[in-house]
Amino acid sequence: MEYQDFINAVATRARVSTDQAATVTRATLQALADRISAGQAEDLAYQLPDGLDDCLRKPLRQDQVKASLGFEDFVQRVADRPDVDRALADAGVGAVLTTLREAVTRDEFENAVAQLPKEFRQAIEPVGAGGGRRLGS
(Lines give C-alpha, C1' and ligand atoms only; values in the text may rest on other atoms or scores of the structure.)
Protein backbone atom coordinates (compact mmCIF):
# COMPACT_ATOMS: atom_id res chain seq x y z
CA MET A 1 0.00 0.00 0.00
CA GLU A 2 1.34 3.43 -0.91
CA TYR A 3 1.46 6.36 1.52
CA GLN A 4 -1.34 8.31 -0.16
CA ASP A 5 -3.55 5.20 -0.36
CA PHE A 6 -3.14 4.69 3.38
CA ILE A 7 -3.97 8.33 4.16
CA ASN A 8 -6.95 8.35 1.78
CA ALA A 9 -8.33 5.20 3.41
CA VAL A 10 -8.04 6.75 6.87
CA ALA A 11 -9.65 9.99 5.64
CA THR A 12 -12.56 8.05 4.15
CA ARG A 13 -13.10 5.89 7.24
CA ALA A 14 -12.76 8.75 9.72
CA ARG A 15 -14.62 11.23 7.51
CA VAL A 16 -11.87 13.83 7.85
CA SER A 17 -9.64 15.73 5.43
CA THR A 18 -6.48 14.09 4.14
CA ASP A 19 -4.41 16.58 6.16
CA GLN A 20 -6.24 15.56 9.33
CA ALA A 21 -5.92 11.90 8.34
CA ALA A 22 -2.14 12.26 7.94
CA THR A 23 -1.87 13.93 11.34
CA VAL A 24 -3.98 11.37 13.20
CA THR A 25 -2.25 8.51 11.39
CA ARG A 26 1.18 9.64 12.52
CA ALA A 27 -0.04 10.25 16.08
CA THR A 28 -1.77 6.86 16.28
CA LEU A 29 1.22 4.95 14.91
CA GLN A 30 3.54 6.76 17.34
CA ALA A 31 1.24 5.92 20.26
CA LEU A 32 1.05 2.31 19.03
CA ALA A 33 4.87 2.15 18.97
CA ASP A 34 4.78 3.13 22.65
CA ARG A 35 2.45 0.22 23.42
CA ILE A 36 3.98 -2.73 21.59
CA SER A 37 7.41 -4.31 21.69
CA ALA A 38 10.22 -2.65 19.76
CA GLY A 39 10.59 -5.77 17.61
CA GLN A 40 6.90 -5.84 16.73
CA ALA A 41 6.93 -2.12 15.94
CA GLU A 42 9.89 -2.67 13.62
CA ASP A 43 8.12 -5.59 11.92
CA LEU A 44 5.10 -3.37 11.21
CA ALA A 45 7.29 -0.45 10.12
CA TYR A 46 9.04 -2.67 7.59
CA GLN A 47 5.71 -3.25 5.82
CA LEU A 48 4.52 0.37 5.81
CA PRO A 49 5.27 2.92 3.10
CA ASP A 50 7.93 5.60 3.44
CA GLY A 51 6.53 8.45 5.48
CA LEU A 52 4.69 6.16 7.88
CA ASP A 53 7.34 3.60 8.74
CA ASP A 54 9.31 6.13 10.78
CA CYS A 55 6.33 6.62 13.12
CA LEU A 56 6.90 3.13 14.48
CA ARG A 57 10.69 3.37 14.70
CA LYS A 58 11.88 5.01 17.89
CA PRO A 59 15.56 5.15 18.77
CA LEU A 60 14.80 5.49 22.48
CA ARG A 61 11.67 3.84 23.81
CA GLN A 62 11.95 5.15 27.35
CA ASP A 63 8.42 6.55 27.34
CA GLN A 64 6.80 3.18 26.64
CA VAL A 65 3.36 3.05 28.20
CA LYS A 66 2.36 0.20 30.46
CA ALA A 67 0.30 -2.41 28.64
CA SER A 68 -2.40 -2.17 31.31
CA LEU A 69 -3.69 1.12 29.91
CA GLY A 70 -6.91 0.66 28.03
CA PHE A 71 -8.27 1.90 24.73
CA GLU A 72 -9.66 5.18 26.10
CA ASP A 73 -6.26 6.02 27.58
CA PHE A 74 -4.70 5.24 24.20
CA VAL A 75 -7.12 7.58 22.41
CA GLN A 76 -6.34 10.28 24.97
CA ARG A 77 -2.60 9.84 24.35
CA VAL A 78 -3.25 10.35 20.63
CA ALA A 79 -5.36 13.44 21.44
CA ASP A 80 -2.53 14.81 23.60
CA ARG A 81 -0.19 14.97 20.61
CA PRO A 82 0.32 18.24 18.72
CA ASP A 83 -2.38 19.11 16.16
CA VAL A 84 -4.75 16.35 17.33
CA ASP A 85 -7.83 17.15 19.39
CA ARG A 86 -10.09 14.62 21.09
CA ALA A 87 -12.68 14.66 18.26
CA LEU A 88 -10.03 13.86 15.66
CA ALA A 89 -8.54 11.14 17.87
CA ASP A 90 -11.99 9.62 18.44
CA ALA A 91 -12.70 9.59 14.70
CA GLY A 92 -9.24 8.56 13.59
CA VAL A 93 -7.79 5.88 15.86
CA GLY A 94 -10.09 3.09 14.70
CA ALA A 95 -9.69 4.20 11.08
CA VAL A 96 -5.90 4.05 11.38
CA LEU A 97 -5.93 0.64 13.06
CA THR A 98 -8.32 -0.75 10.44
CA THR A 99 -6.19 0.63 7.61
CA LEU A 100 -3.06 -0.73 9.27
CA ARG A 101 -4.66 -4.19 9.19
CA GLU A 102 -5.05 -3.81 5.42
CA ALA A 103 -1.50 -2.54 4.89
CA VAL A 104 0.44 -5.30 6.64
CA THR A 105 0.29 -9.07 6.69
CA ARG A 106 -2.35 -10.71 8.82
CA ASP A 107 0.26 -12.36 11.06
CA GLU A 108 2.07 -9.10 11.81
CA PHE A 109 -1.18 -7.30 12.54
CA GLU A 110 -2.43 -10.09 14.79
CA ASN A 111 0.91 -10.21 16.62
CA ALA A 112 0.70 -6.47 17.30
CA VAL A 113 -2.94 -6.53 18.41
CA ALA A 114 -2.21 -9.49 20.69
CA GLN A 115 -0.02 -7.12 22.74
CA LEU A 116 -2.96 -4.76 23.32
CA PRO A 117 -6.00 -5.10 25.59
CA LYS A 118 -8.94 -6.90 23.93
CA GLU A 119 -11.00 -3.70 23.84
CA PHE A 120 -8.80 -2.42 20.97
CA ARG A 121 -10.40 -4.98 18.66
CA GLN A 122 -13.75 -3.22 19.05
CA ALA A 123 -12.34 -0.12 17.34
CA ILE A 124 -11.25 -2.07 14.26
CA GLU A 125 -13.81 -2.54 11.49
CA PRO A 126 -14.59 -6.16 10.72
CA VAL A 127 -13.01 -7.47 7.52
CA GLY A 128 -15.33 -6.65 4.63
CA ALA A 129 -17.17 -3.82 6.46
CA GLY A 130 -17.68 -1.05 3.90
CA GLY A 131 -14.74 1.23 4.85
CA GLY A 132 -12.13 -0.23 2.53
CA ARG A 133 -10.66 -3.34 1.04
CA ARG A 134 -8.03 -5.78 2.23
CA LEU A 135 -4.77 -4.97 0.48
CA GLY A 136 -2.29 -6.96 2.58
CA SER A 137 -2.01 -10.73 2.67
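Thresholds applied
- Residues numbered from 1 in each chain as written.
- Predicted model: local features only at pLDDT ≥ 70, side-chain atom pairs only at ≥ 80, totals over all residues.
- Heavy atoms only, no water.
- Helix = DSSP H or I, 4+ residues; strand = E, 2+ residues; numbered from the N terminus.
- Expected span 1.5 Å × (residues − 1).
- Buried < 20%, exposed > 50% of the residue type's maximum accessible area, 1.4 Å probe, protein only.
- Contact = heavy atoms within 4.5 Å.
- Phe/Tyr/Trp six-rings, centres within 6.5 Å; stacked < 30°, edge-to-face > 60°.
- Salt bridge = Lys/Arg side-chain N within 4 Å of Asp/Glu carboxyl O.

A. Local environment of helix α1 (residues 3-14). The terminal C-alpha atoms of α1, which comprises twelve residues, lie 17 Å apart, in line with the 16 Å expected from a rise of 1.5 Å per residue. Those residues of α1 not exposed but buried are Phe6, Ile7, Ala9, Val10, Ala11, Arg13 and Ala14. Buried residues along α1 sit against α2 (18-35) and α6 (86-103). Remark: Arg15 follows α1 within two positions and exhibits a positive phi of approximately 60°.

B. Layout of the packing of aromatic side chains. Tallied over the full model, the rule gives two aromatic pairs. Seen in terms of ring centroids, Phe71 and Phe120 are 5.2 Å apart; in terms of plane orientation they differ by 90°. Their pairing is edge-to-face. In this pair, Phe71 is assigned in helix α5 (residues 71-79) and Phe120 in the segment after α7 (106-113), connecting sequence segments 49 residues apart. Phe71 sits in the buried class, given a relative accessible area of 14%. For Phe120, a relative accessible area of 1% gives the class buried. Here the aromatic rings of Phe74 and Phe120 are separated by 5.1 Å at their centres, their planes lie at 70°, and the arrangement is edge-to-face. Taken as a pair, Phe74 in helix α5 and Phe120 in the segment after α7 lie far apart in primary sequence, 46 residues in all.

C. Looking closely at the pattern of salt bridges. Inspection of the entire model under this criterion finds ten salt bridges. Arg86 is paired through a salt bridge with Glu72; the nearest N and O atoms lie 2.5 Å apart. Pair noted here: Arg86 is in helix α6 and Glu72 is in helix α5, with a separation of 14 residues, a long-range link. For Glu72, a relative accessible area of 47% corresponds to the partly exposed category. In this structure, a network of salt bridges that share partners links the residues Arg13, Glu102 and Glu125.

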